[in-house]
Every structure is written in C-alpha cells, then in structure tokens.
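Structural description and commentary
If you want the building blocks of each chain, they are given just below.
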Amino acid sequence: MEAKPMKESRTIQTKLVLPPDTNHMDSIFGGKVLAYIDEIAGITAMKHARRQVVVTASIDSVDFLSSARVGDVLELEANVTSTGRTSMEVYVRVKSKNLQTGEEKLTTESFLTMVAMGDDGKPTPVPPVLPESAGEKLFFNTAPARREHRKMRVKTPRT
C-alpha cells in the first residue's frame, strides 16, 4: 500500500461556544470538547484510510490547558501522525478565539487511536503515513514512544 502524505489527512473544524455547551461558570464542558475531538479524529482517520467506517480504539491523552467561554470560537485541527497495520494515531489541537478581543489560546491537545473497519466489520489495513515538514516528522518520529506507552497502559491489571 502506498504511503499518503500526512497533510492529506489534515482536517479543520470551527465551532461556536453556545450557552447550552457550558457549565455554570460559562466555560465549555470538557465532555463537549471531547465529543468535538472524537468527531474530528474520526473524519481525519476516514480521510486517511479512505474508509467510511473507523472506530475510536482509545483516547490516549487529553490535556485541557485553558477554557473557552460562551461566544468564543473553537478551531480544531487534526492530522494522522502515524499508522499501524489497521490503526491510525490522530493528533488534535483545539484553540479558542475571542472574536471581540482577538485573543487566541491553546485550549486542548489530544492523541487518539482510530481503527479502520472493513465491510465485514473487522479491522482493515490502512496506508502508511508520510511526514514531510519538520513538524510532521517530529510527530511521526515520537509516535513509537507513544505507541509503547499505550501498550504498557493496556497491560495494567484491571479489577
């Protein structure tokens, strides 16, 4: 299978933070942000795999760095950063922007693992990803350490 440039999976979404999306402090619910992250990661993985069905295998990390408030605009950006045989690691960055002041903040960063599903409902192979820019190469080259961390986490005994 031929490798696909990382930039081909790049996906951008814009969301407006509305009152129903927020808590009593007028800041967005973390769960709402997680739903947005999962959605864009799925779309990004579908673009890379050229499959209509992908599933979320894990949300490997979510770092909430700052909050977004009612009226802010969220800009989500995602890329496939590495691949396995049937899985794809997707990085999602969320920034908030206050349209009145122009202030921008990094609000959330996350890595997810998505798996492409075949017509038979079983995992199906995905093309490798090809990093081109320095930033893409950094994400790609650090992916094996994140993969190893995921494997160690899965080995943790559960009760």
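Residues numbered from 1 in each chain as written. Predicted model: local features only at pLDDT ≥ 70, side-chain atom pairs only at ≥ 80, totals over all residues. Heavy atoms only, no water.

By the naming in an unreviewed UniProt entry, the protein chain goes by Acyl-CoA thioesterase and is assigned to Planococcus kocurii. Listed under Sequence similarities (unreviewed entry) in UniProt, the entry text for the protein chain is "Belongs to the acyl coenzyme A hydrolase family." (UniProt positions renumbered as here; feature names shortened; annotations may be inferred.)

Okay, unusual backbone geometry next. The phi angle at Asp26 is positive, at roughly 60 degrees, despite the residue not being glycine. Mapped onto the elements of the fold, Asp26 is located in the loop between strand S2 (11-16) and helix H1 (30-49). Judged by relative accessible area, Asp26 falls into the partly exposed class, the value being 42%. Within the chain, Arg50 stands out as a residue other than glycine whose phi angle is a positive 55 degrees. One can find Arg50 in the loop between H1 and strand S3 (54-64). (Helix = DSSP H or I, 4+ residues; strand = E, 2+ residues; numbered from the N terminus. Buried < 20%, exposed > 50% of the residue type's maximum accessible area, 1.4 Å probe, protein only.)

A word on the sheet that holds S3. As summarised here, the arrangement of the five strands in space is S2-S4-S5-S6-S3, forming an open sheet in which the pairing is antiparallel. With one partner strand each, in any of the chains shown, S2 and S3 form the two edges of the open sheet. Going from strand to strand, the sheet's axes swing by 25 degrees on average, the running direction of each strand aside. Pairing analysis gives ten bridges linking strand S4 (residues 73-83) to strand S5 (residues 87-97), with the strands arranged antiparallel. Residue pairing in the sheet places Glu75 in a bridge with Lys95 of S5. Each of S2, S3, S4, S5 and strand S6 (104-116) touches H1; the most contacted strand, S4, lies at about 45 degrees to it. Most of the contacts of helix H2 (residues 134-155) go to S4, to which it runs at about 85 degrees, and overall it touches S3, S4, S5 and S6. (Pairing = 2+ DSSP bridges. Axes fitted to C-alpha atoms, helices over the stretch in contact; angles between N-to-C directions. Contact = heavy atoms within 4.5 Å.)

Structurally, Thr11 is set in strand S2. The exposure class assigned to Thr11 is buried, which follows from its relative accessible area of 7%. Taking the C-alpha atoms as reference, Thr11 lies 17 Å from Val55; in sequence the two are 44 residues apart. In this structure Thr11 touches Ile40, Ile43, Thr44, Lys47, Leu76, Glu77 and Ala78, once residues within four positions along its chain are discounted. Engagement of the side chain of Thr11 in a polar contact is seen with the backbone oxygen of Ser9, the distance being 3.0 Å. (Polar contact = N/O pair within 3.5 Å; in protein donor to acceptor, adjacent residues only side chain to side chain.)

In this fold, Val62 is placed in strand S3. Put simply, Val62 and Arg50 are twelve residues apart on the chain and 26 Å apart in space, counted from C-alpha to C-alpha.

This paragraph deals with the UniProt feature "domain: HotDog ACOT-type" (unreviewed entry) in the protein chain. When the UniProt feature table is mapped to this numbering, "domain: HotDog ACOT-type" (unreviewed entry) covers residues 7-120. Taken as a whole, residues 7-120 contains 18% helix and 46% strand, while its terminal C-alpha atoms sit 29 Å from one another.

Moving on, we get to the packing of aromatic side chains. The full count for this structure, using the stated rule, is three aromatic pairs. Plain terms: the ring middles of Tyr91 and Phe111 are 5.1 Å apart, the flat faces sit at 45 degrees to each other, and that makes the pair tilted. Here Tyr91, found in strand S5, pairs with Phe111, found in strand S6; they are 20 residues apart in sequence, far enough to count as distant. Comparing Tyr91 with Phe111, the two get one shared label, buried. Between Tyr91 and Phe139, the ring centres sit 4.5 Å apart and the planes meet at 35 degrees, which makes this aromatic pair tilted. Of this pair, Tyr91 sits in strand S5 while Phe139 is found in helix H2, placing the two residues 48 residues apart along the sequence. (Phe/Tyr/Trp six-rings, centres within 6.5 Å; stacked < 30°, edge-to-face > 60°.)

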